Each structure stands twice: as structure tokens, then as C-alpha cells.
Amino acid sequence: MKNLNVYMDSLGFITSNGQPLFSINPSSRPKVSLVQLTGVPPTVRNFDEALAVLRMFVTAALSNPRVRPVLNRLDLIADDDICLLFRMQAPNESTLKRVRALSDAGIRVRVIAHDRSNLYGSGYRCEGGLTDKGKTLIEWMAMSGLIPDVSGCNHQTTFEVLEHLRHEALPL
């Protein structure tokens, strides 16, 4: 990335009125090149509701001047634009159709697990590793252009996600 200044990870859904709004005031433009944004609160468990909130958030974020989404590696080559990498703490019960819907909506990073165990793997507070459903999810994500976020996973789950990616020669 050209002239990478700062990377930010933002829970973009946190606003004073609880709605996923995002705007950049041109006079106080952040000096960053890449921002990872989470546009849907983890409390939203219904997939259709989460997808609707996500689409609204992405549209609002991309309406700002000189920002653009990161949809592939080439999008990281930015002049003075702020590249937005959209992330989701997705509700459980993913299907290939849902993973593709997230990709179509602009999501490029999806959480595998956070502090607890779920259908896919174990979070940092739990023991256990990547489940069979987790392996399938990672394969669907690879097919759809999504990157697995293992930042909240425990060590075993993280290792097993990386090992599965390597063993199956899945693209990132």
C-alpha cells in the first residue's frame, strides 16, 4: 500500500443514536490509509436484519469523499483515498448462500469465534478448536473472497484455521 500512515479498526456501528452511521468531515479527515469497519452490532442475531443493517452501513460509509472499499488486493493500492475493509461478526448458522450474500454486500473479513465457542470454533475464553462446520465455513469464505478473522479465537482454533487453509490450499 502506498504511503501507509495508520491502520484503524473501528466498531463503526457505535453512534450516539445507535444507528450505523459513518461520515467523514473533510476538515477533520483522519490521516489513515486503511480502516477496518465492523458495521453490524454483534447483538443482531437475525441474518436478514444483519444484512439489511450492513447494506445501509456500507452505503453510508462509501458516500464519503475519497473513500473506497477493499474488494481485492489491488484495491489496497490507494493514492490519498481511505480504503475501507468491511468486517462482520456474523450471526451463527452460516450457509454458502449467506456467505456469498455477505461478500456481495462488501464484507471481506468475517469473525470465526470471539470470546465463546460457537458452531465454528472456540474463542479466547474457551478450550477447543476448529469444528467440522468451521472447516466448511472457511472453505465457503475462500470461495467467496472472505478472510477469516481469528483475532478473537483461542490458540488452537487459530492454528487449525491456518492449517486448514494451508492443507486445502485455499486462497486468501
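Preceding this section is the structure that the text describes.
Residues numbered from 1 in each chain as written. Predicted model: local features only at pLDDT ≥ 70, side-chain atom pairs only at ≥ 80, totals over all residues. Heavy atoms only, no water.

This part covers the overall build of the protein. Secondary structure summary: the protein contains four helices and six strands in total. Helices and strands in the protein line up, N terminus first, as β-β-α-β-β-α-β-α-β-α. When burial is assessed residue by residue, the protein has 46% of its 172 residues classed as buried. Residue pairs in contact within the protein that sit at least 24 positions apart in sequence constitute 65% of those at least 6 positions apart. (Helix = DSSP H or I, 4+ residues; strand = E, 2+ residues; numbered from the N terminus. Buried < 20%, exposed > 50% of the residue type's maximum accessible area, 1.4 Å probe, protein only. Contact = heavy atoms within 4.5 Å.)

With respect to burial, strand S5 (residues 107-111) is a largely interior element, five of its five residues being buried. Pairing between strand S4 (residues 82-88) and S5: three bridges, direction parallel. Bridge pairing in S5 links Arg87 to Val109. Alignment of S5 against strand S6 (residues 147-149), held across three bridges, turns out to be parallel. From the neighbouring strand, Arg110 faces S6, where its bridge partner is Pro148. Read as a crossover between parallel neighbours, the route from S5 over helix H3 (residues 132-144) to S6 is right-handed. (Pairing = 2+ DSSP bridges. Right-handed = clockwise from strand over helix to strand, strands pointing away.)

The end-to-end C-alpha separation of helix H1 (residues 47-62) is 22 Å, in line with the 22 Å expected for 16 residues at 1.5 Å each. Of the positions making up H1, those classed as buried are Phe47, Ala50, Leu51, Val53, Leu54, Phe57, Val58, Ala60 and Ala61. Along its buried surface, H1 packs onto strand S2 (34-38), strand S3 (67-69), S4, helix H2 (96-104) and S5. In this structure Asn46 caps H1, since a side-chain oxygen of it lies 3.0 Å from the backbone nitrogen of Asp48. (Expected span 1.5 Å × (residues − 1). Polar contact = N/O pair within 3.5 Å; in protein donor to acceptor, adjacent residues only side chain to side chain.)

With that settled, consider unusual backbone geometry. A positive phi angle, close to 60 degrees, is found at Arg66, a residue other than glycine. Along the chain, the position of Arg66 falls in the loop between H1 and S3. Accessibility expressed as a relative area gives 44% for Arg66, which makes it partly exposed. Residue Ala169 is not a glycine yet carries a positive backbone phi of 50 degrees. Among the structural elements, Ala169 can be located in the segment after helix H4 (155-167).

The next subject is H3. With 13 residues, H3 should cover 18 Å at 1.5 Å per step; its first-to-last C-alpha distance of 19 Å lies within 8% of that length. For H3, the set of buried residues is Gly134, Leu137, Ile138, Met141, Ala142 and Ser144. One side of H3 holds all its buried residues, which, seen down the axis, span an arc of 165 degrees. H3 presents Asp132 and Met143 as exposed residues on the side facing more than 90 degrees away from its buried surface. Considering only its buried residues, H3 is in contact with H2, S5, S6 and H4. (Arc of directions from axis to C-beta.)

For the rest of this paragraph, the subject is the packing of aromatic side chains. The relation between two aromatic rings is expressed through the spacing of the ring centres and the mutual angle of the planes. Under the definition given, this model contains one aromatic pair. Here the aromatic rings of Phe57 and Phe86 are separated by 6.2 Å at their centres, their planes lie at 90 degrees, and the arrangement is edge-to-face. Pair noted here: Phe57 is in helix H1 and Phe86 is in strand S4, with a separation of 29 residues, a long-range link. Looking at Phe57, the relative accessible area reads 0%, which means it is buried. A relative accessible area of 1% means that Phe86 is categorised as buried. (Phe/Tyr/Trp six-rings, centres within 6.5 Å; stacked < 30°, edge-to-face > 60°.)

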